[in-house]
Structures are given as structure tokens and as C-alpha cells.
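Topology and contacts: notes
Spelled out, the chains give:
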Amino acid sequence: MSEEQDMITDIEVPINLKYNFTAGAAATRFLTQVKKGVLTGQRCPECAQVYIPPRGSCPACGCATEEEVELADKATVQSFTIVSIPIPNNPIQPPYIIANLVADGANISFLHLISECVNEDVHIGQRVQAEWKPEEEWTHAMDNIRYFKPIDEPTVPVDMIGKLPVTGLEG
Ligand SMILES: [Zn+2]
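This is a predicted model, so every value here is computed, not measured.

Quick notes on the coordination of the zinc ion
For the zinc ion, the full set of protein donor atoms is Cys44 (SG), Cys47 (SG), Cys58 (SG) and Cys61 (SG), and the range of their distances to it is 2.3 Å. Within one chain, the residues serving as donors to the zinc ion are arranged as C-x2-C-x10-C-x2-C. Placement of Cys44 in the loop between strand E1 (39–43) and strand E2 (50–51) and of Cys58 in the loop between E2 and strand E3 (67–71) is noted, with a sequence separation of 14 residues between them. This pair shows no difference in class: Cys44 is buried, exactly as Cys58 is.

What follows is the structure in C-alpha cells.
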């Protein structure tokens, strides 16, 4: 074999990994509620921030979050991206919008799709609502919600996103 032969600089090695995901206590409770069509956050006993999906502790205070808070399936757009490039193995064909949404009653965002709209009209502060799959298709997954769609409500000012009134602390 000649040493002049071209060097191999890269090879393709298909990899197929199969693994089981253990959700943990907080996410298990959250996904159990999602299967019933209910979004549930957890409120921090120290700073009163409501997190969805809950992780069982407050990332700001570090303390355990056990109080569960049922949230509306309406939300506000905090930020978004119009995806134009197809992602391998992703069944969703571009262009589509992936957004950070803050559910009413919650203080931090989660990722979901926005649809049933002109992509270029989507804006920060826009009000959206969940479009659920038919109930018989619900599983323990956030894609029970197909996407969020714009609703006819006034745009939320940027400095109010995630700061809409949180109820349940009275008294
Ligand atoms: Zn906290």
C-alpha cells in the first residue's frame, strides 16, 4: 500500500441509542396531569415564583417546591424563532415557529410551537392559547398540545411578561 494514498479524514458511523427516561417525582406529577389535559406548575414557598414544568425545587432559592398550581392553557410569547432549516429526523417541516411561552399564572417560560398564524405576524407579548389534540390521543407528554395559536387579546407589555398576577397567595 502506498503512503501516497489519500488519508481518510472522516467516516460515517450510524449510532442508534435506546434509553429509558426516568422523569422524577415532580415531572411525574406534572406529566400525570398533562395526561388529564391540565397544566400544573409548582410555586416556590420563598419567592412565590411559579415554575412549569416543575422540577421539584426553585432554581433561584434552592428550596423544595411542593405546592402545585393549576395553570391556564393561555400564555404570552416571551421570545420566538422562525425555523427555516429542516432538522434531521424532525417530522415538523419548516418554516415553523418555536417559542418561549409563559403560561398565565407562571413566571418562567417553556418551549412550544405556535401555529394557525402568519409567521411574520407573531410578536413578543402576543397572547396565545393551547390547541389540544383530541382527548383520546392524550399521553404523558406535552405534545398533547399540538401547538399554541394566537388569540384576540391585547399584547402584553414586555416588562409584564411573566409578571401577570399570581393568585392563591391571599391571606
Ligand atoms: Zn424561589
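And the narrative resumes.
Thoughts on the layout of surface pockets
When its volume is computed, the largest pocket comes out at roughly 170 Å³. Forming the walls of the largest pocket are Phe21, Ala23, Ala27, Phe30, Leu31, Pro53, Pro54, Arg55 and Met142. In the lining of the largest pocket, the residues fall into 8 nonpolar, no polar and 1 charged.

Section: the domain arrangement of the protein chain
On domain assignment, one finds that the protein chain holds domain 1 (23–71) and domain 2 (73–163). Listed as interface residues are 16 residues of domain 1 and, on the opposing side, 17 residues of domain 2. Summing both partners gives a buried area of about 1400 Å² for domain 1 against domain 2, and 70% of it is carried by carbon and sulfur. Of all residues in domain 1, the largest losses of buried area upon contact with domain 2 belong to Lys35, Leu39 and Ile52, amounting jointly to 37% of the total for that side. One can count 0 salt bridges joining domain 1 with domain 2. The interface formed by domain 1 and domain 2 includes 2 residue pairs in polar contact (both at pLDDT 80 or more). Only helix H1 (25–34) and E2 provide two or more residues apiece to the side of domain 1 that touches domain 2. Of all the elements, H1 adds the most residues to the side of domain 1 that touches domain 2, at 4 residues.

Thresholds applied
Residues numbered from 1 in each chain as written. Predicted model: local features only at pLDDT ≥ 70, side-chain atom pairs only at ≥ 80, totals over all residues. Heavy atoms only, no water. Donors = N, O, S within 2.8 Å, 3.2 Å for Na, K, Ca; no water. Helix = DSSP H or I, 4+ residues; strand = E, 2+ residues; numbered from the N terminus. Buried < 20%, exposed > 50% of the residue type's maximum accessible area, 1.4 Å probe, protein only. 1 Å grid on protein atoms, 1.4 Å probe; cavity = no way out; pocket = protein on both sides within 12 Å on 5 of 7 lines; lining within 4 Å. Points joined across faces, edges and corners; volume = space filled by probe spheres on them. Nonpolar A, V, L, I, M, F, W, Y, C, P; charged D, E, K, R; others polar. Domains from an automatic or database assignment. Contact = heavy atoms within 4.5 Å. Buried area = accessible area lost by both parts, 1.4 Å probe. Salt bridge = Lys/Arg side-chain N within 4 Å of Asp/Glu carboxyl O. Polar contact = N/O pair within 3.5 Å; in protein donor to acceptor, adjacent residues only side chain to side chain.

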